[in-house]
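# Chain and residue survey
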Amino acid sequence: MAKDLKSVDYGLEKIFEGAQDFLPLLGTDYVEFYVGNAKQAAHFYKTAFGFQSYAYKGLETGSRDEVSYVVKQDKIRLVFTSPLNSKSPINDHIVKHGDGVKVVALWVDDARSAYEETTKRGAKSYCEPFVEKDEQGETVRAGIYTYGETVHMFVERKNYDGAFLPGYRVWESDYNPSPTGLKYVDHMVGNVGWNQMNKWVKFYEDVMGFVNFLSFDDKQIHTEYSALMSKVMSNGNGRIKFPINEPAEAAKKSQIEEYLDFYEGAGVQHLALATDDIIKTVAQLKARGIEFLPPPPQTYYDDIPQRLGEHMKVMKEDIERLQELSILVDADEDGYLLQIFTKPLQDRPTLFFEIIQRMGAKGFGAGNFKALFESIEREQAQRGTL
Ligand code: FE2
């Protein structure tokens, strides 16, 4: 019988017994982007995605070399950072990679222990534990490198009552576009180079204590033209899920290869943001100018009842409405899920967002991969990068 398919928050809680507990993670703390113009980026993410002004640091707060705007929607915090002069190392990152994710920050109870346990197991240090203080208390942060130039910061904030971090002031704005129903980071995907996937799977296993709970090879993820491989890593409580992709040999250029060419190395490919009402969220995002990948052909929607099987009985969404909005549907034994992917969010064809609504399903839409990648390939062909 169909289970209760109420949308779940962290449905994987405590199921990964193989995971190790030397690195207890409470959730995603923030995601920091290095961008060419943080002021304009923050405005875009507020306007288009409904993020709210949250915190700020810059010249007015005594930050002479860099400026950061923090925006928030439910549990999701995004930080947009730009350099204020030519000496900042942030410039080099932007020259090489374009706008992209620099820091995937993880919320922990003890940042010193997180740093010690991971560096002891081979993590390369980005910054040693440091304390920041203001009238609201203190935080401890420490960082390690993951793939490419991407960093995991451990954030300990149990002795801090302020809005974001010491050094930031609350950012109040008269311009507050309404939220679009985005709730938390469901998963975050990294693209790594040829033959690098297993190296990074091992890194997440050995250094972070994660488990590999799903794998897809190039026989499962391919189209007529291109292929890729993917392994999904999760921490023990299932709150942090990092699929890792690498390109695979095929007739034409894989979307992962296109990413690696334009990002000039490994990096974060997409953030999947969860909503409880994807139809409402996507309708609003479209009205605000967000462009999504074009819809799959009619046959994709004709086949939905067959693909969903038993879950069709509890599916609340109208298929015609899903088709109008180009939303994809997939199911696994636990339930179904709805998802859609934006086009790249900056000029280089690198980072994009996924919007996802889980109705019990714990997978990543494997049944949609072919339709999705064919859609991406049509876009690649227009860019001359297929
Ligand atoms: Fe995804």
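### Considering the domain arrangement of the chain
Structurally, the chain comprises domain 1 (7-170) and domain 2 (182-383). Between domain 1 and domain 2, the residue contacts involve 57 residues of the former and 51 residues of the latter. In total, about 4600 Å² of surface goes out of reach between domain 1 and domain 2, with carbon and sulfur atoms giving 64% of it. Linking domain 1 with domain 2 are two salt bridges, by the criterion used here. The tally of links from domain 1 across to domain 2 stands at 13 residue pairs in polar contact (both at pLDDT 80 or more). Going through the elements one at a time, strand S1 (27-34), helix H1 (38-49), strand S4 (76-83), helix H2 (90-97), strand S5 (100-108) and strand S7 (137-145) are the ones with two or more residues in the side of domain 1 that touches domain 2. Residue contributions to the side of domain 1 that touches domain 2 peak at six residues, all from H1. Tallied by class, the residues present in the side of domain 1 that touches domain 2 amount to 28 nonpolar, 19 polar and 10 charged.

### Examining the packing of aromatic side chains
Geometrically, a pair of aromatic rings is defined through the distance of the ring centres and the angle of the planes. For the structure shown, the criterion picks out 25 aromatic pairs. On the numbers, 5.0 Å between centres and 90° between planes, the contact of phenylalanine 203 with tyrosine 204 is edge-to-face. Overall, phenylalanine 203 belongs to the buried group, its relative accessible area being 10%. Its relative accessible area of 0% is what places tyrosine 204 among the buried residues. What links up through ring pairs into an aromatic cluster is the set Phe33, Phe44, Tyr45, Phe49, Phe80 and Phe353. For lysine 124, the ring lying beneath its charged end belongs to tyrosine 145, and the centroid distance is 4.5 Å. When the ring centre of tyrosine 300 is taken as reference, the NZ or CZ atom of arginine 307 above it lies at 4.2 Å.

### Considerations on the sheet that holds strand S8 (residues 151-156)
Taken together, the nine strands give an open sheet; going across it, the order is S6-S7-S8-S5-S1-S4-S3-S2-S9, and neighbouring strands pair in mixed fashion. For this open sheet the edge positions go to strand S6 (125-134) and strand S9 (169-170), each flanked by a neighbour on one side alone. Where strand S2 (residues 52-57) meets S9, two bridges bridge the pair, whose relative direction is antiparallel. Residue pairing for S9: tyrosine 56 is matched across the bridge by arginine 169. The strands that helix H3 (residues 111-120) touches are S5, S6, S7 and S8; relative to S7, the one it contacts most, it runs at about 15°.

### Looking at the coordination of the iron ion
Around the iron ion, the protein supplies His187 (NE2), His270 (NE2) and Glu354 (OE) as donor atoms, at distances of 2.0 to 2.2 Å. Counting residues between consecutive donors of the iron ion along the chain gives the motif H-x82-H-x83-E. Taken together, the residues histidine 187 in strand S10 (residues 182-191) and glutamate 354 in strand S17 (residues 352-359) connect sequence positions 167 residues apart. Considered together, histidine 187 and glutamate 354 belong to a single accessibility category, that of buried residues.

### Considering the sheet that holds S10
The eight strands lie next to each other as S11-S12-S13-S10-S14-S17-S16-S15, forming an open sheet whose pairing is mixed. Pairing within the sheet leaves two strands with one partner each, and these edge strands are strand S11 (211-216) and strand S15 (328-332). Each adjacent strand pair in this sheet contributes to an overall mean axis angle of 25°, direction not counted. Direction of pairing for S11 relative to strand S12 (residues 227-234): antiparallel, over a ladder of five bridges. Of the residues in S12, the one forming a bridge with asparagine 212 is methionine 233.

### Some words on the environment of serine 86
Within the secondary structure layout, serine 86 lies in the loop between S4 and H2. Judged by its relative accessible area of 67%, serine 86 falls in the exposed class. Spatially, the C-alpha atoms of serine 86 and aspartate 65 are 9.0 Å apart, while their sequence positions differ by 21 residues.

The rules behind each value
- Residues numbered from 1 in each chain as written.
- Predicted model: local features only at pLDDT ≥ 70, side-chain atom pairs only at ≥ 80, totals over all residues.
- Heavy atoms only, no water.
- Domains from an automatic or database assignment.
- Contact = heavy atoms within 4.5 Å.
- Buried area = accessible area lost by both parts, 1.4 Å probe.
- Salt bridge = Lys/Arg side-chain N within 4 Å of Asp/Glu carboxyl O.
- Polar contact = N/O pair within 3.5 Å; in protein donor to acceptor, adjacent residues only side chain to side chain.
- Helix = DSSP H or I, 4+ residues; strand = E, 2+ residues; numbered from the N terminus.
- Nonpolar A, V, L, I, M, F, W, Y, C, P; charged D, E, K, R; others polar.
- Phe/Tyr/Trp six-rings, centres within 6.5 Å; stacked < 30°, edge-to-face > 60°.
- Buried < 20%, exposed > 50% of the residue type's maximum accessible area, 1.4 Å probe, protein only.
- Lys NZ or Arg CZ within 6 Å of the ring centre and 35° of its normal.
- Pairing = 2+ DSSP bridges.
- Axes fitted to C-alpha atoms, helices over the stretch in contact; angles between N-to-C directions.
- Donors = N, O, S within 2.8 Å, 3.2 Å for Na, K, Ca; no water.

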